[in-house]
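Structural characterization, general
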Amino acid sequence: MSSISSILSDTTTTTTATNISSILAAATGSSTTGIDVDAAVTAALYADRATERIWQAEQTTLASQTTALTAIQTATAALSTDIDSLNSLTGALAARTVTSSDSSAVTATAAAGTVAGDHTVIVNSLAATGAWYSDLATSATTTLPASSFTITTKAGASATITVGNGVDTLTDVAASINKQNLGVTATVVTDSTGARLAIISSTSGSTGDFSITSAGTTGTSWSSSSLTSAETLGDGSFTLTVGDSTTTISTSKGETLDELASDINGKNLGITASVVSDTNGSHLSLASSDGSSTFTISEPAFGYSQAVVGANASLTVDGIPISSASNTVTGAINGVTLHLLSATAGTDLSIASDTSQISTLINKFVTDYNTAIGLVNDQFTYSSSTSSQGVLASDPTVRALQMSLMQALNYVYTPSTGTTTVSTLSSLGISTGTDGTLTVDSTTLNDKLTNNASDVQIFFQGASLNGFANSASTALDVYTDAGTGAFTVDLSSIASTYDSLTDQINDFEDNYIANQSTILTAMYSKAEIALQQLPTEMDQIKTELGTNSSNS
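Analysis parameters
Residues numbered from 1 in each chain as written. Predicted model: local features only at pLDDT ≥ 70, side-chain atom pairs only at ≥ 80, totals over all residues. Heavy atoms only, no water. Helix = DSSP H or I, 4+ residues; strand = E, 2+ residues; numbered from the N terminus. Buried < 20%, exposed > 50% of the residue type's maximum accessible area, 1.4 Å probe, protein only. Core = buried A, V, L, I, M, F, W, Y, C linked by side-chain atoms within 4.5 Å. Contact = heavy atoms within 4.5 Å. Patch = residues over 30% accessible without salt bridge, like charges linked within 9 Å, V, L, I, M, F, W, Y side chains within 5 Å. Areas by Shrake-Rupley, 256 points an atom, 1.4 Å probe, with all protein chains shown as cover. Salt bridge = Lys/Arg side-chain N within 4 Å of Asp/Glu carboxyl O. Lys, Arg positive; Asp, Glu negative; His and termini not counted. Charge placed at Lys NZ, Arg CZ, Asp CG, Glu CD. Polar contact = N/O pair within 3.5 Å; in protein donor to acceptor, adjacent residues only side chain to side chain. Pairing = 2+ DSSP bridges. Axes fitted to C-alpha atoms, helices over the stretch in contact; angles between N-to-C directions. Arc of directions from axis to C-beta. pLDDT = per-residue confidence, 0-100. 1 Å grid on protein atoms, 1.4 Å probe; cavity = no way out; pocket = protein on both sides within 12 Å on 5 of 7 lines; lining within 4 Å. Points joined across faces, edges and corners; volume = space filled by probe spheres on them. Nonpolar A, V, L, I, M, F, W, Y, C, P; charged D, E, K, R; others polar.

Brief notes about the overall build of the protein chain
- When helices and strands are tallied, the protein chain shows 12 helices and 24 strands.
- Along the first, second and third principal axes, the C-alpha atoms of the protein chain reach 175 × 85 × 35 Å.
- Within the protein chain, the fraction of its 552 residues that count as buried is 39%.

Written as structure tokens, this is what we have:
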């Protein structure tokens, strides 16, 4: 019994009641297994945590409020973006389309806000890009005869390209030209007949045109570079000038030097052509027939022909003559870019509002409005399953937002002068349901966009960005402003309260529950040890009592 007395005396350090019934049951031989210390402590602390559970329930509500308010904030921000687009001078309401009566000849694009109207474009000729090409060579890597030529641009820049001494092939010549930064680009073009050099201006129009000239070689004799016995000539041409007479000599692919010499001699130019062979191969030799008369030879097998003369496009727009270095013409119609594709006797262009873009934006506005008002309305809808409204039913920000959203729909545009066919949302076929959501009558909306596009734009934007969109945007800015908006303030307040409760819970756990857990664990552990000793002590008592035969 001394153990029982000890147990009872040790319980004075806690406010939790000792389970006397269990102790007595053990003392009288009950089949109890003793005390489950962990369960006993947990049960005692559960009661102590009653206040803490209230705080945690408040946090759960705050978390739900944050989730709901964030969803409303996101939906309202999307709606606000739509409204800003409706109020933009470069947005969908200002978008323009251009319809061409002959899209194979002229197409066009118009910048936002371009004045609607009709225009006529006549294209006399397209802009052209200057281009030259060389005579054929066997391949891009065939060694070319020594020569030189000069490229001169319309701006007066020029460069002389010398063939030989490292610039020996078409590939070398192309690289040499491209290093000159003359505003032309040289490439080697190869086909089934051989290779030739193509030189094209980097810019179209007459100012991008350029010329290629060669001084040629003048004297009483001339020799070509050598060809091996296996090599033949390619397609090409060169000129021979004797006195005032110039003759073009043409070569064809596969022709031999002997055949070329025979061709020259057959023209009786006063020049004798022969083929001379040496250790380097064979070469064409030309000499004055009388030994004293001079002649001039252009660069044989490497002459140049002009493929395209750089020229400006010639057109008239609404009767006004226009010259353009490019087939993409700007400035002829304010805000419009013309794309010339072919000559035409007349193409009509019609500039109008882009009804497709406007319709898409208005329908997006309606969809996003319905999302926002739907989320707000949900907070004030009674749920039979929870027997309550939404978690934000008592939030003044949400209540005020509901009123602001619905009041924004009441906007009426009144022109300072004249009349308008669009003064309210209902004029556009946008109606409000009993639940505050919007519905679009697409037939009415498309009719207004097609026939009264300017009235639609002025309804949303007003005479100076002071229409429906500005009115609605001002109302929503109170909520959506990132720094001082009601959403920011409300969410910050909820977060602050949540954090404060977290601090209270942590303090309660650290300063009370932890200490109480230590006390209870120690108390119940002592009781458990004592109870485990009771059967032995009871046996000892019975033994002592058994030696006394007195009924007392």
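Further notes follow.
A few points about the nonpolar core
- One finds L405, F459 and F460 to be the most contacted residues of the largest nonpolar core, which totals 64 residues.
- Elements with a contribution of two residues or more to this core: α3 (37-48), α4 (50-86), α7 (355-378), α8 (396-408), α9 (442-451), α10 (453-461), α11 (468-480) and α12 (486-546).
- No other element matches the 14 residues that α12 contributes to this core.
- Within the second largest apolar cluster, 22 residues are counted, among which are L144, F149, I161 and A186.

Quick look at the side chain of N87
- Looking at where N87 falls in the secondary structure, it is placed in the loop between α4 and β1 (96-100).
- Setting aside chain neighbours within four positions, we find N87 in contact with F460, Q461, L465, A469 and N470.

Focus: a negative patch on the surface
- On the surface, a cluster of negative charge is made up of D499, D503, D507 and D510.
- Looking at where D503 falls in the secondary structure, it is placed in helix α12.

Quick notes on the environment of S293
- Along the chain, the position of S293 falls in the loop between β15 (281-288) and β16 (295-297).
- Taking the C-alpha atoms as reference, S293 lies 76 Å from T90; in sequence the two are 203 residues apart.
- Contacts of S293, omitting those with residues within four sequence positions, involve G219, T220 and S288.
- At 2.5 Å, the side chain of S293 forms a polar contact with the side chain of D290.

Quick look at the pattern of salt bridges
- Scanning the entire structure with this criterion turns up 5 salt bridges.
- Here E509 makes a salt bridge to R49, at a shortest N to O gap of 2.8 Å. Highlighted residues: E509 in helix α12 and R49 in the loop between α3 and α4, separated in sequence by 460 residues.
- Notably, a salt bridge pairs K364 with D82, separated by 3.0 Å at the nearest N-O pair.

A closer look at the sheet that holds strand β17 (residues 304-308)
- Strand order in this open sheet of 4 strands is β7-β8-β4-β17, and the pairing throughout is antiparallel. In this open sheet, the two edge strands, each paired with only one partner strand, are β7 (184-191) and β17. For this sheet, the mean angle separating the axes of adjacent strands, direction not counted, is 25 degrees.
- Relative to strand β8 (residues 194-201), β7 is paired through 8 bridges, and the arrangement is antiparallel. For A186, the partnering residue across the bridge sits in β8 and is I199.
- Across the face of the sheet, helix α5 (residues 170-178) comes into contact with β4 (131-134), β7, β8 and β17 while running at roughly 165 degrees to β7.

Overview of helix α6 (residues 257-265)
- Those residues of α6 that fall on the buried side of the exposure criterion are L257, L260, A261 and I264. End-on view of α6: buried residues confined to an arc of 100 degrees, all on one side of the axis.
- Buried positions along α6 lie against β12 (236-242), β13 (245-251), β14 (271-278) and β15.

Considerations on the confidence of the model for the protein chain
- Scored by pLDDT, the protein chain has a mean of 88; 92% of the residues are at 70 or more.
- The low-confidence segment residues 23-32 (pLDDT under 50) makes 13 contacts with residues lying over four places distant or belonging to another chain.

A look at empty space enclosed by the protein
- For the structure on display, the rule yields 1 cavity of 30 Å³ or more.
- Approximately 60 Å³ is the volume found for the largest cavity.
- Lining the largest cavity are L79, I83, F365, Y369, S404, L405, A408, L409, F468, A472 and L476.
- Elements represented by at least two residues in the lining of the largest cavity include exactly α4, α7, α8 and α11.
- When its residues are assigned to classes, the lining of the largest cavity shows 10 nonpolar, 1 polar and no charged.

Here's the deal with the side chain of H119
- Relative to the elements of secondary structure, H119 occurs in strand β3 (residues 117-125).
- Residue class for H119 comes out buried when judged on its relative accessible area of 17%.
- Within the structure, the side chain of H119 is placed 2.7 Å from the side chain of D318, a separation counted as a polar contact.
- Not counting residues within four places of it along the chain, the set of residues in contact with H119 comprises D318, I333, T347, D348, L349 and I351.

As for the sheet that holds strand β19 (residues 320-324)
- A sheet is described by the order of its strands in space; here 5 strands give the open sequence β1-β22-β3-β18-β19, paired in antiparallel fashion. For this open sheet the edge positions go to β1 and β19, each flanked by a neighbour on one side alone. Within this sheet the neighbouring strands show an average axis-to-axis angle of 30 degrees, counted without direction.
- As paired elements, β3 and strand β18 (residues 313-317) share 4 bridges and run antiparallel to each other. Note that in β18 the partner of S125 across the bridge is S314.

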